[in-house]
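# Analysis of the macromolecular model
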Amino acid sequence: MEKPVVSIWGIGPSYRLRVKKHIEEALNSGYENIMEFVILTDDTDDFKELCEKTDKIKCIIGNPF
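Structural notes, computed from the coordinates. (Residues numbered from 1 in each chain as written. Predicted model: local features only at pLDDT ≥ 70, side-chain atom pairs only at ≥ 80, totals over all residues. Heavy atoms only, no water.)

Read from one edge to the other, the open sheet built from 3 strands follows the order β1-β2-β3, with strand pairing classed as parallel. Each edge of the open sheet carries a strand with a single partner, namely β1 (5-10) and β3 (57-62). Looking at each pair of strands side by side, their axes are set apart by 15° on average, direction ignored. (Pairing = 2+ DSSP bridges. Helix = DSSP H or I, 4+ residues; strand = E, 2+ residues; numbered from the N terminus. Axes fitted to C-alpha atoms, helices over the stretch in contact; angles between N-to-C directions.)

Locating T41 in the fold gives a position in strand β2 (residues 36-41). For T41, a relative accessible area of 2% puts it in the buried group. A distance of 3.4 Å separates polar atoms of two side chains, one belonging to T41 and the other to D42. (Buried < 20%, exposed > 50% of the residue type's maximum accessible area, 1.4 Å probe, protein only. Polar contact = N/O pair within 3.5 Å; in protein donor to acceptor, adjacent residues only side chain to side chain.)

Structural data, given as structure tokens:
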């Protein structure tokens with residue numbers, strides 16, 4: 001059975017911080033084996049550190065504008 005992929009967006013500094021916090025909480029609460037994440041954002045560099053911590057982030061899609 002394939003794992004569900006959660007798409008979550010974070011546009012702007014406060015929303016990017018919220019996204020990172022929610023992903024870290026999910027990973028620390030035992031959901032790391034259940035779901036993976038796709039992040040939609042305006043600053044892909046802001047998520048590099050989180051990607052290095054876990055392999056649960058499948059894709060980060062940045063704003064092309």
